[in-house]
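# Architecture and fold: a report
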Amino acid sequence: MLKDNINDLLSFMVVTRERSFTRAAAQLGVSQSALSHAMRNLEARLSVRLLTRTTRSVAPTEAGEQLFIRLRPHLMEIEQELTALRDTRDRPAGNIRITAGEHAMESVLWPVLKSFMAQYPDINVEVTVDNGLTDIVDGRFDAGVRLGEQVAKDMVAVRIAPDMRMAVVASEDYLERFGVPETPEQLATHRGINMRLPTLGGLYAWEFERDGRGFCVRVEGQLTLNSLPQRIDAAENGLGLAYVPETSVSKAVSEGRLVQVLDAWCPTFEGYHLYYPSRHQHAHAFKLLLDALRQPSSITAGNY
């Protein structure tokens, strides 16, 4: 009954507005006879005459006019809401919260976000830069960014960057004063610029590979910094050796401000992935950002 009333009331509104069964039927995509039959059924259910019919025209009765006036603002409101919903897809809006490490933010997220936010001005993005292994569910984040090997198995992980290689670098002045290490074990006699792990509180052990097998070396030094740019700046100023993503120092190495050492020993890690809970239903705004991050042009090694 409700469905019939709604359908017939919508048809009544079109007939009353157009003052013509012919034009109303064309707009509704039905035959004139079917439309006329529907109006008679509506009047019978309401026990009131809504339309006055002649051979040439149709007009609302007083009761029909009152019904038209009362229904019109409600139908306009519904139409406006439907239009707004369509506009949301044409002009997406929403809020997205992401947690990412410092290097991931600088090398992967930020280059994409600058153009993404200009393209979608109604989408708000909040990025919390945190080098720890943040629990995105507990922190109410929509997604996080980590290296592939760090993503929990129960998460959906989408690659957004190529594999990442690490590098050990120092200034030429430092190497002239302290010598060039030939093996990771020789780092024991050098000054390392360390990074403290935010989760466990210990100093990060530098990771290397030998004959396809990984091992770690703990390096001593007078300076510990959690900021990647500051660790690189400290290395450029001769304060020690730094262990950093290779792409973050490629320009400094090519310009001679830093020298890369132990190159044959440095490992490659699986690149950054955007990850999120497997059962989480994301909004259209999030899907647009995900598509922007995983475009082929965004995961070619040349961009990093």
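This text follows the structure it describes.
Report follows, based on the coordinates. (Residues numbered from 1 in each chain as written. Predicted model: local features only at pLDDT ≥ 70, side-chain atom pairs only at ≥ 80, totals over all residues. Heavy atoms only, no water.)

### Here's the deal with the nonpolar core
By size, the foremost hydrophobic cluster in this structure holds 49 residues, and its most contacted members are V145, V168, W206, F208, L241 and Y272. With seven residues, helix α5 (residues 102-119) is the single largest residue contributor to this core. V14, V15, A24 and A25 belong to the second-largest nonpolar core, a separate cluster that totals 16 residues. (Core = buried A, V, L, I, M, F, W, Y, C linked by side-chain atoms within 4.5 Å. Buried < 20%, exposed > 50% of the residue type's maximum accessible area, 1.4 Å probe, protein only. Helix = DSSP H or I, 4+ residues; strand = E, 2+ residues; numbered from the N terminus.)

### A closer look at the pattern of salt bridges
Tallied over the full model, the rule gives 14 salt bridges. In this structure, R17 engages E18 in a salt bridge whose closest nitrogen and oxygen atoms are separated by 3.4 Å. Between D263 and R165 there is a salt bridge, with the nearest N and O atoms lying 2.8 Å from each other. Of this pair, D263 sits in the loop between β13 (259-261) and β14 (268-269) while R165 sits in strand β7 (residues 164-170), placing them 98 residues apart in sequence. Beyond isolated ion pairs, a larger network of salt bridges with shared partners links R17, E18 and R23. (Salt bridge = Lys/Arg side-chain N within 4 Å of Asp/Glu carboxyl O.)

### Concerning the environment of Y243
Position of Y243 among the secondary structure elements: in strand β12 (residues 241-245). Residue classification places Y243 among the buried positions, given a relative accessible area of 3%. For the pair Y243 and Y204, spaced 39 residues apart in sequence, the C-alpha to C-alpha distance is 9.8 Å. Contact partners of Y243, with chain neighbours within four places excluded, come to M166, A167, V168, Y204, W206, E207, F208, R231, P267 and F269. A polar atom in the side chain of Y243 sits 2.5 Å from the backbone oxygen of E207. (Contact = heavy atoms within 4.5 Å. Polar contact = N/O pair within 3.5 Å; in protein donor to acceptor, adjacent residues only side chain to side chain.)

### Regarding helix α9 (residues 284-293)
Within α9, burial applies to A285, F286, L288, L289, L290 and L293. For α9, the elements touching its buried residues are β3 (94-100), α5, β4 (123-129), β5 (143-147), β6 (155-159) and β15 (272-277).

### What about the packing of aromatic side chains?
Applying the stated rule across the entire model yields seven aromatic pairs. Aromatic side chains F116 and Y120 sit 5.0 Å apart centroid to centroid with 55 degrees between the ring planes, which places their arrangement in the tilted category. An identical accessibility class is assigned to F116 and Y120; each is buried. Ring plane angle 35 degrees and centroid distance 6.1 Å describe the contact between F208 and F215, whose orientation is recorded as tilted. F208 sits in the buried class, given a relative accessible area of 1%. Among the aromatic side chains, those forming a connected cluster through ring pairs are Y204, W206, F208, F215 and Y243. Its end group placed over the ring of F141, R97 keeps NZ or CZ at 4.2 Å from the ring centre. Against the face of F215 rests R210, its NZ or CZ located 4.8 Å from the ring centre. (Phe/Tyr/Trp six-rings, centres within 6.5 Å; stacked < 30°, edge-to-face > 60°. Lys NZ or Arg CZ within 6 Å of the ring centre and 35° of its normal.)

### What about the pairing of β7?
For β7, the tally of buried residues reaches six of seven residues, placing the bulk of the element in the interior. As judged from the two bridges shared by β7 and β14, these two strands associate in the antiparallel manner. Directly across from M164, in β14, lies its bridge partner F269. Alignment of β7 against β12, held across four bridges, turns out to be antiparallel. Bridge assignment links V168 to a residue of β12, and that residue is Y243. In this structure, β7 lies alongside β13, joined through three bridges in antiparallel fashion. Residue A170 lies in a different strand from β13, and its bridge partner there is V259. (Pairing = 2+ DSSP bridges.)

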